[in-house]
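A look at the structure
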Amino acid sequence: MEDDVANLRGTDSGDTRARSEAEAQTLRFLTQRWAVEIITLPSAGPARYKDLRQSILRVHDRMLSKRLDTLIDEGLVVRTQSAGKPITVTDSLAASEAEGLTAIVLAVCAYAKRA
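Residues numbered from 1 in each chain as written. Predicted model: local features only at pLDDT ≥ 70, side-chain atom pairs only at ≥ 80, totals over all residues. Heavy atoms only, no water.

1. Comments concerning the overall build of the chain
Summing up its helical and strand segments, the chain has six helices and three strands in all. Sequence-ordered secondary structure for the chain, helices as α and strands as β, is α-α-α-β-α-α-β-β-α. A buried classification covers 23% of the 115 residues belonging to the chain. Roughly 8300 Å² of accessible area belongs to the chain as shown, and the carbon and sulfur atoms make up 54% of that amount. (Helix = DSSP H or I, 4+ residues; strand = E, 2+ residues; numbered from the N terminus. Buried < 20%, exposed > 50% of the residue type's maximum accessible area, 1.4 Å probe, protein only. Areas by Shrake-Rupley, 256 points an atom, 1.4 Å probe, with all protein chains shown as cover.)

Right under this line is the structure:
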């Protein structure tokens, strides 16, 4: 337990400065409005923008687009465009990058449902 606290504070023996910045960046991202809701949606598989939009009723198009772009830039979401006609674009979680983060978010959601 003390090691976990030390890791969170960045006082362990590793490269604490880089790790602390990475942790801070992740926490900043997760505390942005709609970030958690958006990251859990594509976990069921590839989804089109309109499906994501309909799943989160109160988010505006501009905000959803901005958060999806951030997730793509962070490597957590992959955007795929079909080659055929009609052209379709889907977003899905990047398996290796988002797996741990999604598991944590879904565990928190499950915990919240218990209460």
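Back to the write-up after that little detour.
2. Comments concerning the confidence of the model for the chain
Of the residues in the chain, 80% have a pLDDT of 70 or more, and the chain-wide mean is 78. Here residues 1-11 is a poorly scored stretch, pLDDT under 50, and it has nine contacts once near neighbours within four places are set aside; other chains count. (pLDDT = per-residue confidence, 0-100. Contact = heavy atoms within 4.5 Å.)

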